[in-house]
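Next come the chains, spelled out residue by residue.
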Amino acid sequence: MTQTQLNVEQSNATSFDAVTENHLAKHAIQVHKFGGSSLASSQCINRVLEIIKSHCQINDIIVVSANGDTTDHLFSLYQLAQEQLQASLEEQDPRPLEAAVAALSKQQQALITELLNANNAKQLIHSLAADIEQLKAWLTGDLSAHHNNILAFGELWSARLLSALLNEKLCPSNSIDARDFLVIDNEVDCLVDTATSAAQLRQHRQFGKLAVITGYISKDERGHTCTLGRNGSDYSATIVASLVDARNVTLWTDVDGIYSADPRIVPSARKLHRLPNGVAKELGRLGNPVLHAKTLLPLINPLTEHHTHLHVASSFDAQVAGTEIGKFGQIAKQELSVTYLNDLLLAHSESFIGEAANKVRAEFAPICVDDKQGFVVITQAQQKALSQWLASHDTEVKFNPVSIIATVGHKVAERGDIKARFKRSLRSVKPLHLVNSDNSHSVIAILSEPCTPEILNNVHHDMTKDARHIGLVVAGLGNIGQRFLELLPSQLAKVEALENTHLVGLLSSKKALINNDGIDVNQALSLFEQDSQGYDNQQLLSWLSHHPYDELIVVDITPSEDFSLLYEQFFQQGIHVIGANKWAASSSTAHYNNLIQQAERHHSIWLGNTTVGAGLPINFAIDDLRHSGDEINQIAGIFSGTLSWLFETYDGSTSFSSLMLDALQQGITEPDPREDLSGRDVQRKLLILARKAGFELSLDDIDCQNLVPEHLQALDTQAFLARADELDEFFADQLARANADNACIRYVARLQATPQDDSANGLKLTAKVSLEVLAKTDAFANLTPCDNIFQISSRWYQDNPLIIRGPGAGRDVTAGGLHSDLVNICQQLASKQNQVKIKGIN
Ligand SMILES: NC(=O)C1=CN([C@@H]2O[C@H](COP(=O)(O)OP(=O)(O)OC[C@H]3O[C@@H](n4cnc5c(N)ncnc54)[C@H](OP(=O)(O)O)[C@@H]3O)[C@@H](O)[C@H]2O)C=CC1
Ligand SMILES: N[C@@H](CC=O)C(=O)O
């Protein structure tokens, strides 16, 4: 959802016409609809004001429901009045009705005075008083003729109040009574007279004023008030959107999206971030408590092919991304949900067989039809009409009470695997029939008993247990990043834990390719070459904060400190990070501790197994010892694949610099090999392991011997590589001295924690990384070139230290280690509980 600031420019109000509307629109129009619970109290209305401030522009449109339970209140007034009319003279008592009217009036007055300044409140209370007089007259007069007029007061008052508040606090606004423009044919299921309604709406919108339109109500061609039925205000919003060709409609409500099942009954229901139009319609048809099929009708204009996207978002927590309904690609089409309806009827009749069934389809839009076996499922409310209709066809009908449970998803009825899973999930329930919906977006099981919460939970579990969708963003497409991507297709194909993981973003330092519908992993790099675009961190963070996945993982395969500085914001968004990049894990103590805290607070997982020892499980081993209660007191070894390769290979027959260039070529070194030769890479690795082992120290606490001569230290990488032979003299000299003592040179990392009574935690730490002269028999002196060795002494490993040894750098092992982290995170996420946010479902 785009976040825009309300443009509060003042301007003279002029009438809109089609031409000025197009010229003056700064952006595509958006319609925002606020439901009754979002407008229930002055506190709620103030929250709505904040949402309007941050999400709307002046030429957008607001559609409102009645405040809180005002419509119910009006409806009960109508019923009370009806009882009065039907009572005998002796039984008549006007007092309850008068008291109820007074209570409603008081409630409205309270809202007005709490929200508006005295002057504006006075004007609105004056209008309210006139309406209350009118209401009383209708309640005691020709009641049935005014049923809809009475109900219409709720939206009228709500729109008037919000508009007045906007005028007072935010921007010019006018309230529009939908009966001034919206013409529907109530006989034909609220069919809209689009041409007339659009033309009349244009006349009522005023340039430079934010329009607040009443939901739920409209007029028929004779000008009489009509209501749009259950969830009518949502329908009003999408109708208005179609009349002005709006790009987006946001239904601000009291739930934060559409779930894979009713979350009040199914605690493990997950939010569906993106729903294709057809699937959303089917969900609405089959009992979703938030979506209603009618609401979705105006979203697609078959003539202009204009598609309006619909968002469902919570006005109680506007920052939480809701559900988007529109036209999406493959990933959104994989979403599955389970819905149910009780109190239905199964009707068998010959008139439902073959071609004849199309008539009942057209006339009654049953929940499902089986034209081979000759049955339909309908609501109880349809029973009488269906019986009469069949009687007129001279056919008999048999009704049985039933319920349905359905699995809903894009073309599920055509997917054998889904149908088989659905069937298996219903084994213990023994459905009477399984029927494909006509649009193929659902498979419906007809049950002879009501669908219980237990059935719903079990079926939902079986249908959606593996359905968590994980988005993967890969940052860094160099030496290691490319290898990671090469391995990705086969990993996705064979590792079960990665089943719903989708590559959705690729980043280099300057360009990004982001695709919410997924990037084809088999062509990732060529698609990046072809379609990537320039980006900055702000754009990246904005996309990341609105991504449509259950979880998002960023794999940082860059060498960039700048990129590592984004981790804090990633964690704050609940995004998980896998880092090959060592900057964050070896940053200052304060920064590092803060990252750990942020990750914990937002339930983000941060893994960096490859930061030390590439794919070797050294980080895991130290983590495991520490969390199992062991105490590590010494870590030592050869931590650099590059330096291992160089010193194991260097015997003087080839110059040191040409070996270094060879290592660079093999992808062992850091992008700038001075990172290795300076000891900084080893220093970082020792710090990372020390922190894992539970010691608090910083880079400065680790003595580091820099092997790069001073005059080569400040050059840029290319200049350094061009002058690499200036390294040779120093290393030839070091080698000659070691050889003279029948020894060898190795770059070694050592951390020692010695018990010491006067230090704060009773331990004295010494840490250094340096070139050492070792006996040729030393364990650190006989490695396969490029191998790392880690030697850990602890309470449990005292006399005979734990040794981990193996390749410590290189494309394959590092990319493999990153894949191991990816599987690890996906496995952890598989057992993560959903956090459902609901204030209540209307
Ligand atoms: N080589 C090895 O064996 C191991 C390496 N590592 C680590 O892996 C990381 C990558 O190394 P390597 O593949 O050799 O490096 P490369 O230099 O080959 O590739 C780096 C990639 O990162 C991109 N990049 C740089 N800065 C940014 C940024 N700010 N935002 C997004 N992308 C950026 C670069 O983009 P552009 O092309 O636009 O500059 C490039 O695509 C390093 O951190 C290294 O320490 C870890 C363990 C082992
Ligand atoms: N350049 C590093 C790569 C792995 O971290 C090394 O040589 O060890």
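Residues numbered from 1 in each chain as written. Chains lettered and ligands numbered in written order. Predicted model: local features only at pLDDT ≥ 70, side-chain atom pairs only at ≥ 80, totals over all residues.

Undergrad: Run through the overall build of the chain, naming residues and quoting values.
TA: Counting secondary structure elements, the chain contains 30 helices and 35 strands. In terms of its C-alpha atoms, the chain occupies a principal-axis envelope of roughly 120 × 70 × 55 Å. Residues counted as buried form 44% of the 842 residues belonging to the chain. Sequence-distant contacts, at least 24 apart, represent 74% of the contacts inside the chain between residues at least 6 apart. (Helix = DSSP H or I, 4+ residues; strand = E, 2+ residues; numbered from the N terminus. Buried ≥ 20, exposed ≤ 12 C-beta atoms within 10 Å, placed from the backbone. Contact = placed C-beta atoms within 7 Å.)

Undergrad: Explain the domain arrangement of the chain residue by residue, including any values.
TA: Under the domain assignment used here, the chain contains domain 1 (18–254), domain 2 (332–464), domain 3 (470–605) and domain 4 (618–809). The gap between the C-alpha centroids of domain 3 and domain 4 is 29 Å. Here the residues of the side of domain 3 that touches domain 4 sort into 3 nonpolar, 5 polar and 1 charged. (Domains from an automatic or database assignment. Nonpolar A, V, L, I, M, F, W, Y, C, P; charged D, E, K, R; others polar.)

Undergrad: Before we move on, can you summarise the site of ligand 2 with the specific residues and values?
TA: For ligand 2, the full set of nearby residues is Ala614, Ser640, Gly641, Thr642, Ile668, Thr669, Glu670, Asp676, Asp681, Gly808 and Ala809. Residues belonging to the shell around ligand 2 are distributed by class as follows: 3 nonpolar, 5 polar and 3 charged. (Near = placed C-beta within 6 Å.)

Undergrad: Would you mind going over the confidence of the model for the chain in detail, with residue names and values included?
TA: Of all residues in the chain, 94% attain a pLDDT of 70 or more, and the chain-wide mean is 91. For residues 1–26, every residue scores under 50 in pLDDT, and the model assigns this stretch 44 contacts once sequence neighbours within four places are set aside. As scored by the predictor, the complex reaches a pTM of 0.79 and an ipTM of 0.99. (pLDDT = per-residue confidence, 0-100.)

Undergrad: Account for unusual backbone geometry, with residues named and values stated.
TA: Here the phi dihedral of Ala365 falls at roughly 40°; this positive angle occurs in a residue that is not glycine. Position of Ala365 among the secondary structure elements: in the loop between α12 (357–364) and β18 (368–370). Under the C-beta neighbour-count criterion, Ala365 is labelled partly exposed, with 14 such atoms within 10 Å. Of note in the backbone geometry, Asn742 takes a positive phi value of approximately 55° without being a glycine.

Undergrad: Describe in detail the site of ligand 1, supporting the description with residues and values.
TA: Among the 30 residues in the neighbourhood of ligand 1, the closest are listed as Gly476, Gly478, Ser509, Ser560 and Pro671. Of all the secondary structure elements, the ones that give two or more residues to the shell around ligand 1 are α16 (479–494) and α19 (561–564). Here the element with the most residues in the shell around ligand 1 is α16; it accounts for 3 residues. The residue inventory of the shell around ligand 1, partitioned by class, reads 12 nonpolar, 14 polar and 4 charged. Mapping the shell around ligand 1 onto the domain boundaries places at least three of its residues in each of domain 3 (470–605) and domain 4 (618–809).

Undergrad: Residues and numbers for the nonpolar core, please.
TA: In this structure, Ile62, Ile213, Val240, Val377, Ile404 and Ile405 are the most contacted members of the largest nonpolar core, which totals 126 residues. In terms of residue count, the dominant contributor to this core is helix α6 (residues 147–169) (12 residues). Split by domain, this core shows at least three residues from each of two domains, domain 1 (18–254) and domain 2 (332–464). Look past the residues within four positions of Val240 in its chain and what remains in contact with it is Val31, Ile61, Val63 and Ile213. Counting 97 residues, the second largest nonpolar core, distinct from the first, contains Met660, Leu686, Ile688 and Ile745. (Core = buried A, V, L, I, M, F, W, Y, C linked by C-beta atoms within 7 Å.)

Undergrad: Can you explain helix α24 (residues 656–666)? Please cite residues and give values.
TA: In an α-helix, one turn spans 3.6 residues; hence positions three or four apart end up facing the same way. Of the positions making up α24, those classed as buried are Phe656, Leu659, Met660, Ala663 and Leu664. Buried residues along α24 cover an arc of 145° about the axis, so they all sit on one side. Opposite its buried face, α24 presents the exposed residues Ser658 and Gln665, each directed more than 90 degrees away. Those residues of α24 that are buried lie in contact with α23 (641–649) and α29 (728–740). (Arc of directions from axis to C-beta.)

Undergrad: So what about the sheet that holds strand β34 (residues 787–794)? Which residues, and what values?
TA: Judged by pairing direction, the sheet is mixed, and its 6 strands sit side by side in the order β31-β33-β32-β30-β34-β35 without closing on themselves. Edge positions in the open sheet fall to β31 (703–704) and β35 (802–807), since each of these has one partner strand only. The pairing of strand β32 (residues 743–755) with strand β33 (residues 763–775) spans 13 bridges and is antiparallel. By the bridge assignment, Val748 is partnered in β33 with Ser770. Along the sheet face, helix α26 (residues 680–692) touches β30 (632–638), β31, β32 and β33 and points at about 30° away from the line of β32. Most of the contacts of α29 go to β32, to which it runs at about 85°, and overall it touches β32 and β33. (Pairing = 2+ DSSP bridges. Axes fitted to C-alpha atoms, helices over the stretch in contact; angles between N-to-C directions.)

Undergrad: Which residues make up helix α15 (residues 453–464), and what are the values?
TA: Spanning 12 residues, α15 covers 16 Å between terminal C-alpha atoms, matching the ideal 16 Å at 1.5 Å per step. All buried positions along α15 are accounted for by Ile455, Val459, His460, Met463 and Thr464. Around the axis of α15, the buried residues are gathered within 125° of arc, so they sit on the same side. Away from its buried face, by an angle of more than 90 degrees, α15 presents the exposed residues Pro453 and Glu454. Taken together, the buried residues of α15 touch β17 (337–348), β20 (398–408) and α14 (416–425). (Expected span 1.5 Å × (residues − 1).)

Undergrad: If you had to explain the sheet that holds strand β23 (residues 470–475) to someone new, which residues and values would you point to?
TA: Reading across the sheet, the 7 strands line up as β26-β25-β24-β23-β27-β28-β29 and stay open at both edges, with mixed pairing between neighbours. A strand with exactly one partner marks an edge of an open sheet, and here the two such strands are β26 (533–534) and β29 (606–607). Two elements, β23 and strand β27 (residues 551–556), share 6 bridges in a ladder whose sense is parallel. Bridging from a neighbouring strand, Val474 pairs with Val555 of β27.

Undergrad: So what's going on with the environment of Lys582? Which residues, and what values?
TA: In this fold, Lys582 is placed in the loop between β28 (576–579) and α21 (589–601). When the C-alpha atoms of Lys582 and Gly608 are compared, they prove to be 8.1 Å apart, with 26 residues separating the residues in sequence.

Undergrad: An account of the pairing of β27 is needed here, citing residue identities and associated values.
TA: Within β27, 6 of the 6 residues are buried, leaving the element largely enclosed by the surrounding structure. Side chains Glu551, Ile553 and Val555 project from β27 onto one buried face, and the interleaved Leu552, Val554 and Asp556 project onto a second face that is buried too. Pairing of β27 with β28 involves 4 bridges; the strand directions are parallel. Looking across to β28, one finds that Asp556 is bridged to Gly579.

Undergrad: Explain the pairing of β30 to me, and be specific about the residues and the numbers.
TA: Within β30, 5 of the 7 residues are buried, which leaves it mostly tucked inside the rest of the structure. With 6 bridges connecting them, β30 and β34 associate as antiparallel partners. Residue pairing in the sheet places Ala636 in a bridge with Gln791 of β34.

Undergrad: I'd like a description of the environment of Asp550, backed by residues and values.
TA: Mapped onto the secondary structure, Asp550 falls in the loop between α18 (537–545) and β27. Sequence separation between Asp550 and Val521 is 29 residues; the distance between their C-alpha atoms is 20 Å. The contact partners of Asp550, leaving out residues within four places of it in the chain, are Arg270, Arg468, His469 and Ile470.

Undergrad: Tell me what's going on with the packing of α14 against α15, and back it up with residues and numbers.
TA: Two numbers describe how α14 lies on α15: the axes approach to 9 Å, and their chain directions differ by 150°. Between α14 and α15, the angle falls in the class roughly antiparallel. Where α14 crosses over α15, the handedness of that crossing is right-handed. In this structure, α14 uses Arg421, Phe422, Arg424 and Ser425 to contact α15, whose residues at the interface are Asn458, Val459, Asp462 and Met463. (Parallel < 35°, antiparallel > 145°, perpendicular 65-115°, else oblique. Left-handed = near helix turned anticlockwise from the far one by under 90°.)

Undergrad: Give me the environment of Ile605: which residues, what numbers.
TA: Along the chain, the position of Ile605 falls in the loop between α21 and β29. For the pair Ile605 and Arg95, spaced 510 residues apart in sequence, the C-alpha separation works out to 64 Å. For Ile605, the contacting residues outside a window of four places in its chain are His576, Ile825 and Gln828.

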